[in-house]
Amino acid sequence: MELTNIGTIKELFARHGFSFSKSLGQNFLINPTVCPNIAERGGCGPGVCALEIGTGVGVLTRELAKRCDKVVAVEIDERLKPILAETLADFDNVEVIFADVMETDLSRLIAEKFGGKDAVVCANLPYYITSPVIMKVLESRLNIKAMTVMVQKEAAERICAKCGTRECGAITYAVNYYSEPKTLFRVARGSFMPSPNVDSAVIRLNIKNERSLSPNEEKTLFRLVRAGFSQRRKQLVNPLSAELHVSKADISEILSSLNLKPTARAEELSLEDYIKIAKTIL
Ligand code: SAM
């Protein structure tokens, strides 16, 4: 079954009375090279299990299932049930769970379904929840090696930017704390049906296993980064003073004691700089 063929998809939809939901970010891949590429470069292979988020008609799911021992996919749209029963019928190593990924206990799911085997996350993410899904996967500290996801090109640029540059945002620091991000390849808007108004890119986050901060230090680190980037044009002392209820003079003193410019803005600090501040104020 060729799920990247527009005729096949239209026939499938007509038979099942299915129509795209814009609000669920349903832009399905129709470029035949993209899904095999995500599966290959996402670390799929014998002995590996994959968690997919958002199956659509199962075009990526099938590529994951061809290569992995087991695939578990979480899909919110129950209207896809009869379609997936048909498109995934050839595979006995796939289980689709119809649920909202944001409401799903992913740690439990991975432990229950993959039983400690090597695992990866692969997905063509719905754009409306790209950052929350990435952060949920990272913060849950899932037992996975890597997360390989399709995101909007601009989101990929921000996530894979270097911390301490104009291109970065709060998410850059969070992603870099938990993983090593890398852009794998670009995907043009014409690779999807319906075609979105933006281009996309596939990124891979290699998960770091070590935990360098205590849970409390982590919480403070992300509180500082979020506060700083909520007013990224202002000098960092202003948002930090407001967030921590500490005088600007005291914040300036802390920054100076760490050899950081009191006039610095959020985007000028490295991840290590924020870590040092978090440790100092705790
Ligand atoms: N993987 C398919 C592909 O590449 O063609 C579909 C990708 S489409 C961009 C995103 C998919 O995620 C849709 O099938 C949509 O229904 C599903 N989705 C949207 N929100 C979701 C959520 N909160 N939890 C789980 N799945 C969701």
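Reading the values: the criteria
Residues numbered from 1 in each chain as written. Predicted model: local features only at pLDDT ≥ 70, side-chain atom pairs only at ≥ 80, totals over all residues. Heavy atoms only, no water. Domains from an automatic or database assignment. Contact = heavy atoms within 4.5 Å. Buried area = accessible area lost by both parts, 1.4 Å probe. Pairing = 2+ DSSP bridges. Helix = DSSP H or I, 4+ residues; strand = E, 2+ residues; numbered from the N terminus. Right-handed = clockwise from strand over helix to strand, strands pointing away. Near = heavy atom within 4 Å. Polar contact = N/O pair within 3.5 Å; in protein donor to acceptor, adjacent residues only side chain to side chain. Areas by Shrake-Rupley, 256 points an atom, 1.4 Å probe, with all protein chains shown as cover. Nonpolar A, V, L, I, M, F, W, Y, C, P; charged D, E, K, R; others polar. Phe/Tyr/Trp six-rings, centres within 6.5 Å; stacked < 30°, edge-to-face > 60°. Buried < 20%, exposed > 50% of the residue type's maximum accessible area, 1.4 Å probe, protein only. Salt bridge = Lys/Arg side-chain N within 4 Å of Asp/Glu carboxyl O.

## As for the domain arrangement of the protein
Line of reasoning, step 1. Domain parsing of the protein yields domain 1 (6-207) and domain 2 (215-281).
Line of reasoning, step 2. One C-alpha centre belongs to domain 1, the other to domain 2; they are set 34 Å apart.
Line of reasoning, step 3. Between domain 1 and domain 2, the contact holds 14 residues from the first and 13 residues from the second.
Line of reasoning, step 4. Carbon and sulfur atoms supply 62% of the area buried between domain 1 and domain 2, which totals about 1,100 Å² over both sides.

## Some thoughts on the pairing of strand 4 (residues 94-98)
Line of reasoning, step 1. As paired strands, strand 3 (residues 70-75) and strand 4 are joined by five bridges and run parallel to one another. Its bridge partner lying in strand 4, Ala73 is registered against Val96.
Line of reasoning, step 2. Viewed along the sheet, the connection from strand 3 through helix 4 (residues 81-87) into strand 4 turns out right-handed.

## Some thoughts on the site of the ligand
Line of reasoning, step 1. In the vicinity of the ligand there are 22 residues, among which Gly54, Glu75, Asp100, Asn124 and Tyr128 approach most closely.
Line of reasoning, step 2. Between the ligand and the protein, one listed contact pairs an oxygen atom with a side-chain N or O atom of Gln26 at 2.9 Å.
Line of reasoning, step 3. Between an oxygen atom of the ligand and a main-chain N or O atom of Gly56, the distance comes to 3.1 Å.
Line of reasoning, step 4. Here the ligand has 600 Å² of accessible area as a free molecule, and 99% of this is covered by the chains.
Line of reasoning, step 5. For the shell around the ligand, the per-class residue count stands at eleven nonpolar, seven polar and four charged.

## Here we look at the packing of aromatic side chains
Line of reasoning, step 1. Applying the stated rule across the entire model yields nine aromatic pairs.
Line of reasoning, step 2. Note on Tyr177 and Tyr178: the rings are 5.1 Å apart at their centroids and 80° apart in plane angle, and the pair reads as edge-to-face.
Line of reasoning, step 3. Relative accessible area serves as the criterion here: at 7%, Tyr177 is assigned to the buried category.
Line of reasoning, step 4. For Tyr178, a relative accessible area of 6% puts it in the buried group.
Line of reasoning, step 5. An aromatic cluster of at least three residues, connected via ring pairs, comprises Phe13, Phe18, Phe20 and Phe28.

## Some remarks on the pattern of salt bridges
Line of reasoning, step 1. A full pass over the atoms with the stated rule returns 24 salt bridges.
Line of reasoning, step 2. Of the charged contacts, one joins Arg186 and Glu157 as a salt bridge, the two residues approaching to 3.7 Å between their closest N and O atoms. You can see Arg186 sitting in strand 7 (residues 179-187) and its partner Glu157 sitting in helix 7 (residues 153-159), a full 29 residues away along the chain.
Line of reasoning, step 3. Note that Lys276 is salt-bridged to Asp273, the shortest N-O span being 3.9 Å. Within this pair, Lys276 and its partner Asp273 are both found in helix 12 (residues 271-281), separated by three residues, close to a single helical turn.

## As for the environment of Ala201
Line of reasoning, step 1. One can find Ala201 in strand 9 (residues 200-207).
Line of reasoning, step 2. Apart from the residues within four sequence positions on either side, Ala201 is in contact with Val149, Met150, Val151, Gln152, Lys153, Ala156, Thr183, Phe185, Arg186 and Val187.

## Considerations on helix 8 (residues 170-178)
Line of reasoning, step 1. Most of helix 8 sits out of view: eight of its nine residues are buried.
Line of reasoning, step 2. Residues Ile171, Thr172, Tyr173, Ala174, Val175, Asn176, Tyr177 and Tyr178 constitute the buried set of helix 8.

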